[in-house]
Structures are given as structure tokens and as C-alpha cells.
Amino acid sequence: MLGVPLTLPVAGPPGKPYQPDVARASDLLHYAITRDRWERRSQGEGSKGQRYYDWAWFEVTLPGQQPADGFAHHLLIRRSTEKKQLAGGRVDFEYAYFLVHYRRDAALPEAVRRAGVRWKIEENNEQAKQITGLGHYRLSAFSLLIALFGGVAGDRLVAPCSPWPS
């Protein structure tokens, strides 16, 4: 499961003549709203109780990328349960988009549960940065592991050359 930008090129479900073509991830928001594809589910236990969001789940095609046999690419859209004050003074729901390479027959509840695991991993990475005094640095999980397990020489951080963006 990978958080993706709104501009990720995808081809989505076949539409009707009066509905727009799906060319990027954000275009699926229209389908989720018009087809009432939202399901309210908990992403798991958080510090303030269950983390409920509205979710929509679509099988998509990525240009130039074929999924493995028996698998499919899915776009999972998470929407806040209440409208919030956003940047620029606009009031709307908050949305997040996730690309999932998973079994073709996978269902939304299983994807939401796995999204909760992703959230927990991100929380643990943030806690590890705070514990090690690296909280004010922008580190990826990879560089954090290097820093924690052998990348620290004395009080100087040895920065690895990572193929992954931070």
C-alpha cells in the first residue's frame, strides 16, 4: 500500500457517456460520489479511540504496468467523516489516495485493515525519530533504520546514498 498523489495516471472503471474519463487518481473521486461507493469503516484503534473514515475502492489499470497473475491494482480513497477547514479557507472533506497491488478478489474491509497497519508503521517511525533525537529531521524509514542500526558514528550521522527518496 502506497500513498499516491492526485495526479497518478490511472485508467478506472468503465463509465457512462455522460461521466468523465478516468485519466488520473483524482478523477475517481467523481465516481465514488456519483455511484455512492463510500463505506464507513474503522482503520483501527488510535489514541482517541477508533479511527473512522469513509472509504471507496476501485480496480484500476496503471499505464505500462501489469499486475502479477491473480492480482490487480486498486485505488483506495480515504475521506474524513466530517468537513474541515482546509488551506485557503475552503471547507471540504480531507481525502487521501492509496495504490494497492493486491489479490483480484480482495474486498474493501481487508484493504482498510491493512491501511491501519500502514498507519501504525508510520506512527512507530515517528516515535523512533523522537526517541533518537532525530524528530526535527526529514527521514525516510530506510534512512531511519540506517541511523538506528549502524549509521551513527559517535555523535555524527553518516548519511547513506539511498536509491529511495526521503
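Residues numbered from 1 in each chain as written. Predicted model: local features only at pLDDT ≥ 70, side-chain atom pairs only at ≥ 80, totals over all residues. Heavy atoms only, no water.

Enquirer: Hey, could you run me through the pattern of salt bridges in this one?
Expert: If charged atoms from side chains of opposite charge come close, those side chains can pair. In this structure the tally under the stated criterion is nine salt bridges. Where R104 meets E59, a salt bridge forms, and the shortest distance between an N and an O atom there is 2.6 Å. Within this pair, whereas R104 is found in the loop between β7 (95-103) and α2 (108-131), its partner E59 is found in strand β3 (residues 49-60), the two being separated by 45 residues in sequence. Owing to a relative accessible area of 38%, E59 belongs among the partly exposed residues under this scheme. (Salt bridge = Lys/Arg side-chain N within 4 Å of Asp/Glu carboxyl O. Helix = DSSP H or I, 4+ residues; strand = E, 2+ residues; numbered from the N terminus. Buried < 20%, exposed > 50% of the residue type's maximum accessible area, 1.4 Å probe, protein only.)

Enquirer: How should the nonpolar core be read in this particular structure?
Expert: Among soluble globular proteins, nonpolar side chains are generally buried collectively. Counting 18 residues, the largest nonpolar core has L28, F58, L75 and I77 as its most contacted members. Broken down by element, the residue count for this core peaks at four residues, all from helix α1 (residues 28-34). Excluding anything up to four places from it in sequence, L75 contacts V4, A25, L28, A56, W57, F58, V60, Y97, F98 and L99. (Core = buried A, V, L, I, M, F, W, Y, C linked by side-chain atoms within 4.5 Å. Contact = heavy atoms within 4.5 Å.)

Enquirer: It is not clear to me how the packing of aromatic side chains should be interpreted in this structure. Could you clarify?
Expert: Aromatic rings in a pair are described by how distant their centres are and how their planes are angled relative to each other. Overall, the coordinates contain three aromatic pairs when judged by the stated rule. With a centroid separation of 6.2 Å and an interplanar angle of 40°, the aromatic rings of W38 and Y95 are classed as tilted. Placement of the pair is W38 in the loop between α1 and β2 (39-46) and Y95 in strand β7, with a sequence separation of 57 residues. Residue classification places Y95 among the partly exposed positions, given a relative accessible area of 26%. (Phe/Tyr/Trp six-rings, centres within 6.5 Å; stacked < 30°, edge-to-face > 60°.)

Enquirer: Mind showing me how you'd approach the confidence of the model for the chain here?
Expert: Note that predicted coordinates carrying low pLDDT should not be read in detail. Residues of the chain with pLDDT of at least 70 account for 70%, and the chain-wide mean is 77. Residue range residues 144-164 is modelled with pLDDT below 50. Its contacts to residues more than four positions away, or to other chains, number 22 contacts. (pLDDT = per-residue confidence, 0-100.)

Enquirer: Help me out: how do you make sense of the side chain of D54 in this one?
Expert: Counting through the fold element by element, D54 comes out in strand β3. You can call D54 buried: its relative accessible area is 4%. For D54, the side chain forms a polar contact with the side chain of R40, separated by 2.7 Å. Residues contacting D54, with those up to four places away along its chain left out, are W38, E39, R40, I77, R78, R79, S80 and T81. (Polar contact = N/O pair within 3.5 Å; in protein donor to acceptor, adjacent residues only side chain to side chain.)

Enquirer: Explain the sheet that holds strand β4 (residues 71-79) here, please?
Expert: Either a parallel or an antiparallel arrangement is found when strands of a sheet pair, and the pairing is made through backbone hydrogen bonds. Reading across from one edge, β1-β7-β4-β3-β2 is the order of the five strands in this open sheet, with antiparallel pairing throughout. Edge strands, defined here as strands with exactly one partner in the open sheet, are β1 (2-4) and β2. Recorded for the sheet is a direction-independent mean angle of 40° between the axes of neighbouring strands. In the sheet, β4 pairs with β7 via nine bridges, with the strands oriented antiparallel. Bridged to L75 within β7 is L99. (Pairing = 2+ DSSP bridges. Axes fitted to C-alpha atoms, helices over the stretch in contact; angles between N-to-C directions.)

Enquirer: What is the right way to read the side chain of S80 from this model?
Expert: Tracing the chain through its elements places S80 in the loop between β4 and β5 (84-85). Take S80: its relative accessible area is 4%, and that puts it in the buried class. For S80, the side chain forms a polar contact with the main-chain oxygen of E82, separated by 2.9 Å. Leaving out residues up to four positions away in the same chain, S80 has contacts with Y53, D54, F93 and E94.

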